[in-house]
Amino acid sequence: MMRLRRLLTGALAVAGCAGHPVDLSPLPVVSPADSLLRPGDSLRVTVWRQAEFSGEYAINPDSTVAHPLLQGVRVGGVPLSVARARLRDFLLAYEQNPRFVVEPAYPVVVAGEVRVPGLLTLPRGMTLSQAVARAGGPTERGRLDRVRLVRGGRGYTLNLLSEDPRLAMMPIVSGDQVFVGRRSDFNFVRDVLAPIASLSAAVGALVFYLTR
């Protein structure tokens, strides 16, 4: 009976671990360097009454804009405010008071248990949860409480179901790789309760036989 009690206690401990997320990694810190534009990022430029300058353009490996006219503007390795100022200086040659909007977009890989995995180009400010949603959301076997984030060569395991507001508002960073975990085939009723019930019945029958 003591052995059975120990087995029951162990089974309940396993069940408790199965019902809650495991210990997760500390939250990654967004550094000032993460806010700099990088080659591979994109810029969505909208210039009022200047359709030839408007569109979404990648940043070349040499930090210039991939556009026949804007290619003389270097925007890689600087914050958005500096890139905007350089674009304004360039547009002054075409219009006295150019009115324009510049919106950066980042390349982010979203893979694992999502419906449409792949490389996405996402606007700056989008959160990790929104990035997963852009990839079609998790599959039936996806685990949002165990999402692997690779950023700057370091890996983090995050619980996107957490009520921590810091995690809910955490923005993506250029080059992020997000992998949604997969649920195991563990079934509490099948793998825990059924064996315990069988064992309890066997022990009960044995006790009944020995005490007759």
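Every value quoted in this text rests on a predicted model; they were computed, and no experiment measured them.

What counts and what doesn't
- Residues numbered from 1 in each chain as written.
- Predicted model: local features only at pLDDT ≥ 70, side-chain atom pairs only at ≥ 80, totals over all residues.
- Heavy atoms only, no water.
- Helix = DSSP H or I, 4+ residues; strand = E, 2+ residues; numbered from the N terminus.
- Buried < 20%, exposed > 50% of the residue type's maximum accessible area, 1.4 Å probe, protein only.
- Polar contact = N/O pair within 3.5 Å; in protein donor to acceptor, adjacent residues only side chain to side chain.
- Contact = heavy atoms within 4.5 Å.

### Regarding the side chain of Ser 174
Of note, Ser 174 is situated in the loop between helix H4 (165–168) and strand E7 (177–182). Residue classification places Ser 174 among the buried positions, given a relative accessible area of 7%. One polar contact links Ser 174 to Asp 41, side chain to side chain, over a distance of 2.5 Å. Leave out the neighbours within four places in its chain, and Ser 174 touches Arg 38, Asp 41, Tyr 106 and Pro 107.

### Some thoughts on the side chain of Asp 34
On the secondary structure map, Asp 34 appears in the loop between helix H1 (2–19) and strand E1 (42–47). Taking relative accessible area as the criterion, Asp 34 reaches 13% and is therefore assigned buried. A distance of 2.9 Å separates the side chain of Asp 34 from the backbone nitrogen of Ser 31, its partner in a polar contact.

### Side note on unusual backbone geometry
The phi angle at Arg 49 is positive, at roughly 65°, despite the residue not being glycine. Relative to the helices and strands, Arg 49 is located in the loop between E1 and strand E2 (55–58). Here Arg 49 falls in the exposed class, since its relative accessible area comes to 62%. Backbone geometry at Ser 63 places phi at a positive 80°, although glycine is not the residue there. If you trace the backbone, Ser 63 turns up in the loop between E2 and helix H2 (80–91). A relative accessible area of 16% places Ser 63 in the buried class.

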